[in-house]
There are 2 protein chains.
Amino acid sequence: MAGGGILNNTEVRKQKRKRNTRQKAVVYQVVLDSHDHPTAEKVYERARKELPNISLGTVYRVLKELSQEGKIKEIIVNKQSHFEGRTDFHHHFICRSCGKIEDVETPMCRYTCRKVEQKGYVVEDIEYKFYGLCSKCAQKKGIELE
Amino acid sequence: MAGGGILNNTEVRKQKRKRNTRQKAVVYQVVLDSHDHPTAEKVYERARKELPNISLGTVYRVLKELSQEGKIKEIIVNKQSHFEGRTDFHHHFICRSCGKIEDVETPMCRYTCRKVEQKGYVVEDIEYKFYGLCSKCAQKKGIELE
DNA sequence: TCCTTAAATAATAACTATTCCTTATAAAAA
DNA sequence: TTTTTATAAGGAATAGTTATTATTTAAGGA
């Protein structure tokens, strides 16, 4: 049969078709406006103020899409995804007492990368996490111990 | 009523009693003998060769105990726990193609730590993860692209 | 040695974050 | 406007893990 196996112009155009939905726009905006590294559930909560009928599944899917498109970043803490609008190179400090996640500005450790690359590895992504007590919780603990 | 609220000697001794079980010994040995950062499920599989009736729940509980005692280390990759017998300061490279986890010897980044501590944070633990392609997968991909 | 006791176990139910599935809806092409 | 199909909503399903409970067993003492 003619045309079998190879896509014609119409089919190619169809494949590329992408829709611009309000749900995606709202979820993206919520992440951009949030500076506390919200979980999917928190993003859902906030998005519902704008779009009361949005579903949690949609939030999860859109968050994954946006991450893959490089528009937002996913940070995993305690096996749970958190999201942020900052996409430049930086890392995170996680307070074990209050759970707060804070950004840490860090230069990439060239020495380490070189060492890894010497083994023939290709480094695509680097993730540093610092765990401990944030200043507030450290202070509180200091007071308690006195 | 007499004696209420305060523990007597017998009660104190009872509280401290800890049992040495075959299950715990076997799970520990399995982790020490494994050099591939096994998951709980994999540890379970291996422990069953020695103790066919051991339960998965026990494996999970013992792995957590051993981690808390500092005898083994837990590494979380893709929201899944892996375990290793090495407990000294080192980090990990994770191959996105084959999933292999490899140890990376790294000096602690003093500059970064100092920067974090300047904010009044108390750093208790540091975790570096490098994601990419291991030498084998990088080579394979190189060949494919030719 | 046998008893006692509570810590640890096996078995299994429950939980939680996330993904998958199905039907319905709506954005964009025609 | 009509058609097309990507995306949405709602809910079921899944995976990894933790909690619960009745049972077993290691350890200390009689």
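Residues numbered from 1 in each chain as written. Chains lettered and ligands numbered in written order. Predicted model: local features only at pLDDT ≥ 70, side-chain atom pairs only at ≥ 80, totals over all residues. Heavy atoms only, no water.

Undergrad: Report on the pairing of strand E4 (residues 101-104) of chain B, specifying residues and quantitative values.
TA: Each regular strand carries side chains that alternate between the two faces of the sheet. Residues and elements named next belong to chain B. As judged from the 4 bridges shared by strand E3 (residues 91-95) and E4, these two strands associate in the antiparallel manner. Bridging from a neighbouring strand, Ile 94 pairs with Ile 101 of E4. Remark: 5 residues form the turn of the hairpin made by E3 and E4, two consecutive strands paired antiparallel; Gly 99 in that turn has positive phi of roughly 80°. (Pairing = 2+ DSSP bridges. Helix = DSSP H or I, 4+ residues; strand = E, 2+ residues; numbered from the N terminus.)

Undergrad: For the pattern of salt bridges, give the residues involved together with the corresponding values.
TA: It is possible for side chains bearing opposite charge to pair when their charged atoms get close. Scanning the entire structure with this criterion turns up 28 salt bridges over all chains. With its nearest N and O atoms 3.3 Å apart, the salt bridge here joins Glu127(B) to Lys129(B). (Salt bridge = Lys/Arg side-chain N within 4 Å of Asp/Glu carboxyl O.)

Undergrad: Mind laying out the protein's contact with DNA strand C, listing which residues take part and the relevant values?
TA: Tyr60(A), Arg19(B), Thr58(B), Arg61(B) and Lys79(B) are the nearest of the 21 residues found near DNA strand C. Separating a sugar or linking oxygen of DNA strand C from a side-chain N or O atom of Arg17(A) is a distance of 3.4 Å. One nitrogen or oxygen atom from the side chain of Arg17(B) is found 3.1 Å from a base oxygen belonging to DNA strand C. Those elements that place two or more of their residues in the surface near DNA strand C are helix H4 (56-68) and strand E2 (80-84) of chain A together with helix H2 (22-33) and helix H4 (56-68) of chain B. Considering only residue class, the surface near DNA strand C consists of 2 nonpolar, 8 polar and 11 charged. (Near = heavy atom within 4 Å. Polar contact = N/O pair within 3.5 Å; in protein donor to acceptor, adjacent residues only side chain to side chain. Nonpolar A, V, L, I, M, F, W, Y, C, P; charged D, E, K, R; others polar.)

Undergrad: Describe in detail the interface of chain B and chain A, supporting the description with residues and values.
TA: Contacts between the two partners involve 36 residues from chain B, matched on the other side by 36 residues from chain A. The largest contributions to the chain B side of the interface with chain A come from Lys79(B), Tyr121(B) and Phe130(B), which together make up 20% of the buried area. Between Glu124(A) and Arg96(B) there is a salt bridge, with the nearest N and O atoms lying 2.8 Å from each other. Along the contact surface separating chain B from chain A lie 20 residue pairs in polar contact (both at pLDDT 80 or more). Elements with a minimum of two residues in the side of chain B that touches chain A: strand E1 (73-77), strand E2 (80-84), E4, helix H5 (110-118), strand E5 (122-133) and helix H6 (135-145) of chain B. A per-element tally of the side of chain B that touches chain A places E5(B) first, with 12 residues. Each residue belonging to the side of chain B that touches chain A can be placed in one class, and the counts come to 17 nonpolar, 7 polar and 12 charged. Sheet topology places strand E5 (residues 122-133) of chain A next to E5(B); 11 bridges connect them, and they run antiparallel. Along E5(B), the bridge assignment pairs Lys129(A) with Glu127(B). (Contact = heavy atoms within 4.5 Å. Buried area = accessible area lost by both parts, 1.4 Å probe.)

Without other data, these values stay purely geometric and don't point to any function.
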